[in-house]
There are 2 protein chains.
Amino acid sequence: MAWLRALARFPRSSVIKDPFSIQPLSFSTSPAQPTVAGRFAGLRPTVPGKEKPRVVVLGSGWAGCRMMKSIDTNLYDVVCVSPRNHMVFTPLLASTCVGTLEFRSVAEPIGRIQPAISHAPGSYFFLSRCTALGPESHTVQCETVTDDASSASLEPWKFQVSYDKLVIALGAEASTFGIHGVEEHAIFLREVHHAQEIRRKLLLNLMLSDVPGISEEEKRRLLHCVVIGGGPTGVEFSGELSDFIISDVHDRYAHVKEYIHVTLIEANEILSSFDVRLRQYAMKQLTKSGVRLVRGVVKDVQPENIILSDGTKVPYGLLVWSTGVGPSSFTRSMELPKSPGGRIGVDEWLRVPSIPDVFAIGDCSGFLESTEKAVLPALAQVAERQGKYLARLMNRIGKAGGGHANKATNIDLGDQFVYKHLGSMATVGRYKALVDLRQSKEAKGLTLAGFVSWFIWRSAYLTRVVSWRNRFYVAINWLTTFIFGRDISRI
Amino acid sequence: MAWLRALARFPRSSVIKDPFSIQPLSFSTSPAQPTVAGRFAGLRPTVPGKEKPRVVVLGSGWAGCRMMKSIDTNLYDVVCVSPRNHMVFTPLLASTCVGTLEFRSVAEPIGRIQPAISHAPGSYFFLSRCTALGPESHTVQCETVTDDASSASLEPWKFQVSYDKLVIALGAEASTFGIHGVEEHAIFLREVHHAQEIRRKLLLNLMLSDVPGISEEEKRRLLHCVVIGGGPTGVEFSGELSDFIISDVHDRYAHVKEYIHVTLIEANEILSSFDVRLRQYAMKQLTKSGVRLVRGVVKDVQPENIILSDGTKVPYGLLVWSTGVGPSSFTRSMELPKSPGGRIGVDEWLRVPSIPDVFAIGDCSGFLESTEKAVLPALAQVAERQGKYLARLMNRIGKAGGGHANKATNIDLGDQFVYKHLGSMATVGRYKALVDLRQSKEAKGLTLAGFVSWFIWRSAYLTRVVSWRNRFYVAINWLTTFIFGRDISRI
């Protein structure tokens, strides 16, 4: 870029005296196109002895980030490939939809989780998606992600990354059970942009319903918030929503407060994984705070109505879909051994058998039938434990000199991965929560409900938040919400 | 909505025992369409004696919000019509682009500025835009704004609002001087969503430029941030940007830190309204912190290059346009007397002459030539002072019984609006700012530059922030940025 050098060449003194005497006549007029002129676009295989082995992590969810956090960067270079440069603290995502928490408080930049990624010469984060695996050549094909309208002009850029160890942590996909209209009209609750969309829609509907001349029926429709799925996410979101309605809408949208309602539709039991007494408590609390619990099966989703299997038509203004997750299309497309339920099959050490140096963790992976272990539930808890285990395993392999490609064949991997369930938590709003410390659905164990559990719930998550910065922000957000109420500016 | 009533009819006790026994068989199957069945859609004229007079405010910028803040809601009902439900604290907007401040900290919900809007029976906020004035009938035509993709299904809803007093505070529009490509490729810096776009683009380019195989030239292009316009906004943004580069990019994007550069292009003088010594100081500071100051006139804006009038081609990755403002197309289209420069013409009391009960304040208005007063600059300071003045004038009229339509004819309006310039401030980054307390460009007076001014700048604005909540947040944001650095998660 001649013009840059040229500008730099001007002595600073003169620049300071009168910078505007500079005429930038020396701007280059050559086109600035992304041309690699036949150069290899990507990261070549590492050279044993000369370079550290390279761990490539696909995805930046709980599993991948936990793994990157604990991997020994003296042993490995870390390359993360993901369409988002941050990890989402999913358990608190529901709180951001109604402004209890700010969006940024639940997003953790990967560079803060594993600083090496920001400045270590051989470690990188690529804002890209993996398009294909090349196990035989120890490579992955990638493509940059440019989702912005503002950068529509940018062509996705393809490149290839060689790995010594590959960690597949691509997570799962919200399951729609092929129900027509879900993708188009319902909003999931898995990413920050989902929460942002829910928030914008909720505030939009609150304001639209206040416009003169809107019919009573349309008002009720606009302000009818329907949640499909009675799992922890659905229940927590319903709880947050009713909190928002009780403590903020009644005060800030007094004109329409009579019209807003929350309905939670579930085909079977809400919070089915929880102890029966906790379930009863949850139902009681939700009903108390105005959430309508309806048992039903969704047959079709239209722009303004849900059709249940019994033909009932449910008008809605906001529809949130949280009926659990299933394997993503990319996972399904991969020609790898699969576990029951179509996840990537792994052995006791979370390796993808028959393919050297490839591991899979988190929601995208499951134990192969051959292991005679049950496929673990798609929980942050599981993903985090697997990430932590795999980091330790990697470090062990690295120390034993097995870091580079095809070098880990004769290394003792030590203990297998064993999952011990620490229990489940869910808030139901109004300073109430459930804590179920039983190790399994059948087992006996401590179960708690009420304010104490709510306090445990908050403190527990506060300590889990990755960085001190966000821990600080979450605490501040909770405090401000408590003092000033939730923020309602629609930005 | 039969189905709602039906659900409500179920005794709560039973609901609590087993809510899922309820089969919502009674959902209505009638379509929920916005039909007013020939009803009048809008707010009818108020009835003197029975109802308070209604002040309708078009816009939610500095002028309109300041006016709504101080109007006596015992005398008037307030109706605000604006496409955004919050006021933007524009002087701090530049800081949000690089994560020094959170977006929410600079957005103030109107309901917090004037609480009556949230719950007073006759006061409303309508998320709408004004499409036409009907001065003869004392009405405005409005149309709801549904900008979301998520609500694309919603047809804009038209309605009419009768006013007793109308305050036009629609602000101005960024001026592009009809230069081709500006609208498409440049980003303005006037709304929160602009700042969000700049932030996303900046972080996107930082990450894209780190992808393997991108050519050196393309890297430099992606990371070349060009600011057009050397007014306070352009200068402050350049300063913030260089701060971000020096204190964050160097650490968090070490791989590409050599490639990022900021160029500020101005056709004449930067900060032309400031004292010459302050201008010199600003140039020195900016140049020191790596901002390239270039005098040039933009002729054409292409997707990846700016063409200057002398034919120079300037490749860019991010282009921010802040060359001042001009009358909006709606202002231009209004058949009202105009001031020099095409703004809505007002008399000494900020009234639109010849049209009873209509006032215009802020950037959209200017003194008529007949007043022999100069059109005031488009500054937050001016807008705020006018809003405050007009609120006082309204209250005076209201107390004198002139609140209702056509009732203010024989009322003594008191003092005319006189603007006294309190001086100008601008930060140039790195804890440095300028404070120019002269009342006009020619006048003598105190001028300050350096850390002290920076401290004055921050404290001054902190005290101007409208709500305590945001004052608290801004302070916390500044503190966190100081301790933990700026946030870089791209959400």
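An unreviewed UniProt entry lists chain A under the name NADH:ubiquinone reductase (non-electrogenic), with Platanthera guangdongensis given as the organism. Per UniProt, chain A carries the Subcellular location (unreviewed entry) text "Mitochondrion inner membrane".

Asks: Quick rundown of the pairing of strand β7 (residues 139-144) of chain A? Include the residues and the values.
Replies: Residues and elements named next belong to chain A. Buried residues dominate β7, accounting for 5 of its 6 residues. Of the pairings in the sheet, the one linking strand β6 (residues 124-134) to β7 comprises 6 bridges and is antiparallel in character. Bridging across to β7, Cys130 finds its partner in Cys142. Hairpin connection between β6 and β7: a loop of 4 residues separates the two successive antiparallel strands, and His138 in this loop has a positive phi of roughly 55 degrees. Pairing geometry for β7 and strand β8 (residues 158-162), over 5 bridges, is antiparallel. Each residue of the ladder has a partner; that of Gln141, found in β8, is Gln160.

Asks: Break down the sheet that holds strand β14 (residues 298-301) of chain A for me, citing the residues and quoting the values.
Replies: Residue and element names in this part refer to chain A. One open sheet holds the 3 strands; their spatial order is β14-β15-β16, and the pairing between them is antiparallel. In the strand order of this sheet, the two ends are held by β14 and β16 (313-315), each with one partner. Taken pair by pair, the neighbouring strands of this sheet meet at an average axis angle of 25 degrees, ignoring direction. Sheet analysis places β14 next to strand β15 (residues 305-308), joined by 3 bridges and oriented antiparallel. Pairing of Asp300 across the sheet is with Ile307, part of β15.

Asks: Please give an account of the side chain of Glu266 of chain A that cites residues and values.
Replies: All names here are of chain A. In this structure, Glu266 sits in strand β12 (residues 261-266). The side chain of Glu266 sits in the buried core without any salt bridge; Arg295 is the nearest counter-charge, 7.1 Å away. Within the structure, Glu266 has its side chain in polar contact with the backbone nitrogen of Gly230 (distance 2.5 Å).

Asks: How would you explain the environment of Leu206 of chain A if you had to name every residue and give the values?
Replies: Residue and element names in this part refer to chain A. As for its position among the elements, Leu206 is in helix α8 (residues 192-208). When the C-alpha atoms of Leu206 and Leu223 are compared, they prove to be 6.6 Å apart, with 17 residues separating the residues in sequence. Residue contacts for Leu206: discarding those within four places in its chain leaves Leu223, Phe244, Val249, Tyr253, Val256 and Ile260.

Asks: Can you break down the confidence of the model for chain A residue by residue, with the values?
Replies: All names here are of chain A. On average, chain A scores 89 in pLDDT, and the residues at 70 or more come to 90%. Contacts for the low-pLDDT stretch residues 1-38, under 50 throughout, to residues beyond four places or in other chains number 70 contacts. What the predictor reports for the complex is a pTM of 0.89 with an ipTM of 0.87.

Asks: Describe the packing of helix α8 (residues 192-208) of chain B against helix α10 (residues 232-252) of chain B, with residues and values.
Replies: Residues and elements named next belong to chain B. For the pair α8 and α10, interaxial distance at closest approach is 14 Å and the crossing angle is 40 degrees. In terms of their interaxial angle, α8 and α10 are classed as oblique. In this structure, α8 meets α10 at a crossing whose hand is right-handed. Across from Ile198, Leu202, Leu203 and Leu206 in α8, the residues of α10 making contact are Phe237, Leu241, Phe244 and Val249.

Asks: Describe helix α15 (residues 468-484) of chain B, and please don't skip the residues or the numbers.
Replies: With 17 residues, α15 of chain B extends 24 Å between its outermost C-alpha atoms, agreeing within 8% with the 24 Å of an ideal straight helix rising 1.5 Å per residue. Looking only at α15 of chain B, the buried set comprises Arg469, Asn470, Arg471, Tyr473, Val474, Ile476, Asn477, Trp478, Thr480 and Thr481 of chain B. Of the surrounding elements, those touching the buried residues of α15 of chain B are α15 (468-484) of chain A together with β5 (107-109), α5 (110-113) and α14 (451-464) of chain B. Gly485 of chain B, located one to two residues past α15 of chain B, shows a positive phi value of around 85 degrees.

Asks: Please give an account of the environment of Ile397 of chain B that cites residues and values.
Replies: Residues and elements named next belong to chain B. Position of Ile397 relative to the elements: it lies in helix α13 (residues 380-399). For the pair formed by Ile397 and Gly414, sequence separation is 17 residues and the distance between their alpha carbons is 9.8 Å. Setting aside its immediate chain neighbours within four residues, Ile397 contacts Tyr76, Lys165, Phe359, Gly402, Gly403, Ala408, Ile411 and Leu413.

Asks: Quick one: what's the story with the pattern of salt bridges, residue by residue and with numbers?
Replies: If you walk through the whole model with that rule in mind, you get 47 salt bridges over all chains. The salt bridge partner of Arg252 of chain A is Asp248 of chain A, with a shortest N-O separation of 3.9 Å. With a gap of 4 residues between them, Arg252 of chain A and Asp248 of chain A both fall in helix α10 (residues 232-252), about one helical turn apart. By relative accessible area, which is 13% here, Arg252 of chain A ends up buried. Residue classification places Asp248 of chain A among the buried residues on the basis of a relative accessible area of 2%. Among the ionic pairs, Arg129 of chain B bridges to Glu143 of chain B, the shortest N-O distance being 4.0 Å. Placement of Arg129 of chain B in strand β6 (residues 124-134) and of Glu143 of chain B in strand β7 (residues 139-144) is noted, with a sequence separation of 14 residues between them. By relative accessible area, Arg129 of chain B is classed as partly exposed at 39%.

Asks: Provide a residue-level description of the pairing of strand β3 (residues 77-82) of chain B, including the pertinent values.
Replies: One face of the sheet, then the other: side chains in a regular strand alternate in exactly this way. Residues and elements named next belong to chain B. Counting buried positions along β3 gives 6 out of 6 residues, so the element sits mostly inside the fold. Side chains Asp77, Val79 and Val81 of β3 all project onto a buried face; the interleaved residues Val78, Cys80 and Ser82 project onto the opposite face, where all are buried too. As judged from the 5 bridges shared by strand β2 (residues 54-58) and β3, these two strands associate in the parallel manner. Each bridged residue has a counterpart across the sheet, and for Leu58 the counterpart in β3 is Val81. Each parallel crossover has a hand, and for β2 linked through helix α3 (residues 62-70) to β3 it is right-handed. In this structure, β3 lies alongside β6, joined through 4 bridges in parallel fashion. Bridging from a neighbouring strand, Val79 pairs with Tyr124 of β6.

Parameters at a glance
Residues numbered from 1 in each chain as written. Chains lettered and ligands numbered in written order. Predicted model: local features only at pLDDT ≥ 70, side-chain atom pairs only at ≥ 80, totals over all residues. Heavy atoms only, no water. UniProt positions renumbered as here; feature names shortened; annotations may be inferred. Buried < 20%, exposed > 50% of the residue type's maximum accessible area, 1.4 Å probe, protein only. Helix = DSSP H or I, 4+ residues; strand = E, 2+ residues; numbered from the N terminus. Pairing = 2+ DSSP bridges. Axes fitted to C-alpha atoms, helices over the stretch in contact; angles between N-to-C directions. Lys, Arg positive; Asp, Glu negative; His and termini not counted. Salt bridge = Lys/Arg side-chain N within 4 Å of Asp/Glu carboxyl O. Polar contact = N/O pair within 3.5 Å; in protein donor to acceptor, adjacent residues only side chain to side chain. Contact = heavy atoms within 4.5 Å. pLDDT = per-residue confidence, 0-100. Parallel < 35°, antiparallel > 145°, perpendicular 65-115°, else oblique. Left-handed = near helix turned anticlockwise from the far one by under 90°. Expected span 1.5 Å × (residues − 1). Right-handed = clockwise from strand over helix to strand, strands pointing away.

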